[in-house]
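Coordinate analysis (summary)
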Amino acid sequence: MPAEQHKAPKSDIDIAQAAKMRPIMELAKEKLGIAPENLDPYGHYKAKVSINYIKSLQSRPNGKLILVTAITPTPAGEGKTTTTVGLTDALNKIGKKAMLCLREPSLGPCFGVKGGAAGGGYAQVVPMEDINLHFTGDLHAIGTANNLLCALIDNHIYWGNSLGIDARRVTWRRAIDMNERSLRSIVSSLGGVANGFPREDGFDIVVASEVMAIFCLSNDLADLKRRLGNVVVGQTRARELVVLVGQKRAVAIAVRNNRVARRYSGLATRLTSTSARLAGA
């Protein structure tokens, strides 16, 4: 850390924007031994690692795992991410081959009191703005898939409701990647006959959605479809469960269109020019 940082501290974003980033393809090859053909670049400084490459490593012995969790951040923002980045930098400094794995930030808390989720000071991951905002678009794809199913449910009820879904017992909620308390409980389909049957509804933040949980647990696209097919979306008037099944392909496509379903792991860069992995949204 430069000595002037103690005398005239720079903000996190000033430090991030002043960082000289190296191309991610070059960095992945040099530090991790990952060839360019195993990467799916998102510009010059972000990339996803092919699931086939990850599977090719299964025969290698496991490394040592250090889990950093359950830390209440200080007022200066020193929490789990900052500690993890600093620890990884320190391990590499003493000659260990260390790589960190962070969760992809949710957009909502980034605009709240919590702030960004890419670390802080000189212990952060860059490009910080990209990571904190839209990164590779995975969360948007998951939110779209979740809301596609909401549209399918309401459309089914509108066009005759052959499954006999009880509109009072629809359990599948909409999702938005934002902290918005006014949308937690709403009434949808207002405005007349053309807009469907009014019912109580609500929004969850995308990272709390069931599609997000299913995506994180799925091993591949086939497993994703299987799990989506077992989703319970509500009940009939006879209290029988209504399961997704027939529409699982449509929802899986909505996820896959952003290349999420291939279960890539995102790579970004730490300020020390070593790769960082941001997983599973």
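From a predicted model like this one, the values you see are computed outputs, not experimental measurements.

1. Overview of a nonpolar patch on the surface
A contiguous nonpolar patch, built from F111, L133, I176 and M178 and spanning about 340 Å² of accessible area, is present on the exposed surface. Examined against the element boundaries, L133 turns out to sit in the loop between α7 (128–132) and α8 (138–158). For L133, a relative accessible area of 36% corresponds to the partly exposed category.

2. Brief notes about the confidence of the model for the chain
When pLDDT is averaged along the chain, the result is 84, and 85% of the positions lie at 70 or above. The least confident element of the chain, judged by mean pLDDT, is helix α11 (residues 248–256) at 56; the most confident is strand β8 (residues 186–188) at 97. The low-confidence segment residues 258–265 (pLDDT under 50) makes 37 contacts with residues lying over four places distant or belonging to another chain.

3. A closer look at the pattern of salt bridges
Tallied over the full model, the rule gives 13 salt bridges. As a salt-bridge pair, E30 and R22 come within 2.5 Å of each other at their nearest N and O atoms. For D201, the salt bridge identified is with R199, shortest N-O distance 3.4 Å. An identical accessibility class is assigned to D201 and R199; each is buried. Put simply, D154, R174, R199 and D201 are held in one network by salt bridges that share partners.

Rules used throughout
Residues numbered from 1 in each chain as written. Predicted model: local features only at pLDDT ≥ 70, side-chain atom pairs only at ≥ 80, totals over all residues. Heavy atoms only, no water. Patch = residues over 30% accessible without salt bridge, like charges linked within 9 Å, V, L, I, M, F, W, Y side chains within 5 Å. Areas by Shrake-Rupley, 256 points an atom, 1.4 Å probe, with all protein chains shown as cover. Salt bridge = Lys/Arg side-chain N within 4 Å of Asp/Glu carboxyl O. Helix = DSSP H or I, 4+ residues; strand = E, 2+ residues; numbered from the N terminus. Buried < 20%, exposed > 50% of the residue type's maximum accessible area, 1.4 Å probe, protein only. pLDDT = per-residue confidence, 0-100. Contact = heavy atoms within 4.5 Å.

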